Amino acid sequence: MIADRLKMIADTLPTDVTLIAVSKTHPVEAIAEAYAAGERRFGESRPQELKAKYESLPKDIEWHFIGHLQTNKVKYIAPFTHLIHSVDSVRLLEAINSEAAKIGRFIKVLLEVHIADEGTKFGWDPDELRAFIRAAEHKKFPYIIYEGLMGMATFSDDKTKVGSEFRVLKNLYNELKSTDMPQFSTLSMGMSEDYETAIAEGSNMVRIGSAIFGNR
Ligand SMILES: *Cc1c(COP(=O)(O)O)cnc(C)c1O
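Residues numbered from 1 in each chain as written. Predicted model: local features only at pLDDT ≥ 70, side-chain atom pairs only at ≥ 80, totals over all residues. Heavy atoms only, no water.

Asker: I'm lost on the site of the ligand in this one. Help?
Answerer: Around the ligand, the surrounding shell consists of Val 22, Lys 24, Ile 66, Met 152, Met 191, Ser 192, Arg 207, Ile 208, Gly 209, Ser 210 and Arg 216. At a separation of 2.8 Å, a nitrogen atom of the ligand approaches a polar side-chain atom of Arg 207. Side-chain polar atom of Arg 216 to an oxygen atom of the ligand: 2.8 Å apart, as the coordinates give it. Here the ligand loses 90% of its free accessible area of 390 Å² to cover by the protein chains. If you map the ligand onto the pockets, it falls in the largest pocket. Here the residues of the shell around the ligand are counted per class, giving five nonpolar, three polar and three charged. (Near = heavy atom within 4 Å. Polar contact = N/O pair within 3.5 Å; in protein donor to acceptor, adjacent residues only side chain to side chain. Areas by Shrake-Rupley, 256 points an atom, 1.4 Å probe, with all protein chains shown as cover. 1 Å grid on protein atoms, 1.4 Å probe; cavity = no way out; pocket = protein on both sides within 12 Å on 5 of 7 lines; lining within 4 Å. Sits in = over half its atoms within 2 Å of the grid points. Nonpolar A, V, L, I, M, F, W, Y, C, P; charged D, E, K, R; others polar.)

Dropping the structure here:
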């Protein structure tokens, strides 16, 4: 079942779009099934759950942290996480940087931007993020590698609305990439319900859970 759904989705994705299989709340057996089908990138949203799964599964898995991260939990995931998608504050950047310095590991992050009109309260306001980067504040964290942006659209059937929210993020990504952040390579947007719209608007990384693993 998982293998079939995975293949169906993977077959429809353009080759320059990276799939993250969001396995949060699902047991290690489900991840092992996807792993056997060839998937190597998984997304989790709780630090201790991610750490436990990391410890019991093959070490060539690339783990992506996608949930809200509290500063006191950075230590659980800092040693091995491939990319943290959900960096939504200066305080969290400070915490990740200091943990990274402690263990001597550079950590890749995406800055989460608030683009929806409801749902999650998390993420930078676009103007706040512009100001932060213009002021070169991001350079205070030498152990952080800034890879790009992440965002979640409003949960809605209105594709025009969802598309226009993704477009805001894509435009901000292009703006920052062409000015202060030329190293940006990753625009993480799109989930089970809206990934096709996200790809049409320029996403190059989609985070898909229920369409692969079933409902949580
Ligand atoms: C749970 C989650 C997903 C996956 O959601 P699905 O609707 O199951 O595809 C993607 N991104 C984030 C940030 C999530 O928390």
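Asker: Which parts of the structure should I look at to understand the nonpolar core?
Answerer: Among soluble globular proteins, nonpolar side chains are generally buried collectively. With 60 residues, the main nonpolar core has Leu 129 and Leu 149 as its most contacted residues. In terms of residue count, helix H7 (residues 159–178) provides more of this core than any other element does, six residues in total. Non-local contacts of Leu 149, meaning those with residues more than four positions away in its chain, are made with Leu 110, Leu 111, Val 113, Leu 129, Leu 169, Leu 172, Tyr 173, Leu 176, Phe 184, Thr 186, Leu 187 and Ser 188. (Core = buried A, V, L, I, M, F, W, Y, C linked by side-chain atoms within 4.5 Å. Buried < 20%, exposed > 50% of the residue type's maximum accessible area, 1.4 Å probe, protein only. Helix = DSSP H or I, 4+ residues; strand = E, 2+ residues; numbered from the N terminus. Contact = heavy atoms within 4.5 Å.)

Asker: What am I meant to see in the environment of Thr 25 here?
Answerer: By the element assignment, Thr 25 lies in the loop between strand E1 (18–22) and helix H2 (28–36). For Thr 25, a relative accessible area of 43% translates into the label partly exposed. Once residues within four sequence positions are removed from consideration, Thr 25 is found in contact with Glu 44, Arg 46, Glu 49, Lys 53 and Arg 216.

Asker: Looking at this model, I keep getting lost on the pattern of salt bridges. Mind explaining?
Answerer: Where side chains of opposite charge bring their charged atoms close, a pairing between them can arise. Taken as a whole and assessed by the stated rule, the structure comprises 16 salt bridges. A salt bridge links Glu 49 to Arg 46; the shortest N-O distance between them is 3.7 Å. Between Glu 55 and Lys 51 there is a salt bridge, with the nearest N and O atoms lying 3.0 Å from each other. Of this pair, Glu 55 and Lys 51 are both found in helix H3 (residues 47–56), four residues apart, which corresponds to roughly one turn of the helix. Taking relative accessible area as the criterion, Lys 51 reaches 30% and is therefore assigned partly exposed. Salt bridges here are not isolated pairs; linked through shared partners, they connect Asp 127, Arg 130, Arg 134, Glu 175 and Asp 180. (Salt bridge = Lys/Arg side-chain N within 4 Å of Asp/Glu carboxyl O.)

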